[in-house]
Amino acid sequence: MYGSLEGWRAYATERGNSAPTDAADADATAALVRASDHIRYRYVANLLPGYDETLSVVEPATYEAANLELATPGFFVTTYTPANQKVLTEVKGIKWQVVGDAKSAFSAAPVSTLIEAMFDPFLTDADAPYFAFRSVGAA
């Protein structure tokens, strides 16, 4: 788990948010664990080479994610399908239009713009074109 319950409560209180302090320890801890999982698998796993979980933004970003998880348990584990990424554009002929880029790596994931901004300078672009050298036959 990134951070601590006491650290999160202090961080939130400094920003005028008493919800983590008002919450039962078990509920707050569970939210912090879920937030840590999200930060670990979405952001830390995609850091540029040379950065790791000791990066200074990891702990505050976890606290921001924990705020969302405490308010809405399971916020970051919502399951989406491509069919969810559409908007009704016509009723008579029943037409739908895709919203956003449904093919990008994280297009259907819930996002905190603040967490995105915190990690932006340190992340690899999951949708960037990549190349690799491969050989065929014995090495």
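Residues numbered from 1 in each chain as written. Predicted model: local features only at pLDDT ≥ 70, side-chain atom pairs only at ≥ 80, totals over all residues. Heavy atoms only, no water.

Some points on the packing of helix α1 (residues 5-14) against helix α4 (residues 58-71)
Consideration 1: Close contact between α1 and α4 brings their axes to 10 Å; oriented N to C, the two are set at 80°. Considered as vectors, α1 and α4 are oriented roughly perpendicular to each other. Facing Gly7, Trp8, Tyr11 and Ala12 of α1, the residues of α4 in contact are Pro60, Tyr63, Glu64, Ala66, Asn67 and Leu70.
Consideration 2: In terms of residue class, the contact of α1 with α4 is built from seven nonpolar, two polar and one charged. (Axes fitted to C-alpha atoms, helices over the stretch in contact; angles between N-to-C directions. Helix = DSSP H or I, 4+ residues; strand = E, 2+ residues; numbered from the N terminus. Parallel < 35°, antiparallel > 145°, perpendicular 65-115°, else oblique. Contact = heavy atoms within 4.5 Å. Nonpolar A, V, L, I, M, F, W, Y, C, P; charged D, E, K, R; others polar.)

Some words on the nonpolar core
Consideration 1: Membership of the largest hydrophobic core comes to 28 residues, with the highest contact counts inside it found for Trp8, Ile39, Leu47, Leu55, Val58, Ile115 and Phe119.
Consideration 2: Among all residues touching leucine 55, those that are not within four sequence positions of it are Leu47, Phe119 and Phe122. (Core = buried A, V, L, I, M, F, W, Y, C linked by side-chain atoms within 4.5 Å. Buried < 20%, exposed > 50% of the residue type's maximum accessible area, 1.4 Å probe, protein only.)

Topic: α1
Spacing of three or four residues puts side chains on the same side of an α-helix, whose turn is 3.6 residues.
Consideration 1: Burial in α1 covers these residues: Leu5, Trp8, Arg9, Tyr11 and Ala12. An end-on view of α1 places all buried positions within 165° of arc, on one side of the element. Opposite the packed face of α1, turned more than 90 degrees from it, sit the exposed residues Glu6 and Glu14.
Consideration 2: Where the residues of α1 are buried, they touch α2 (19-22), α3 (25-43), α4 and α5 (113-119). (Arc of directions from axis to C-beta.)

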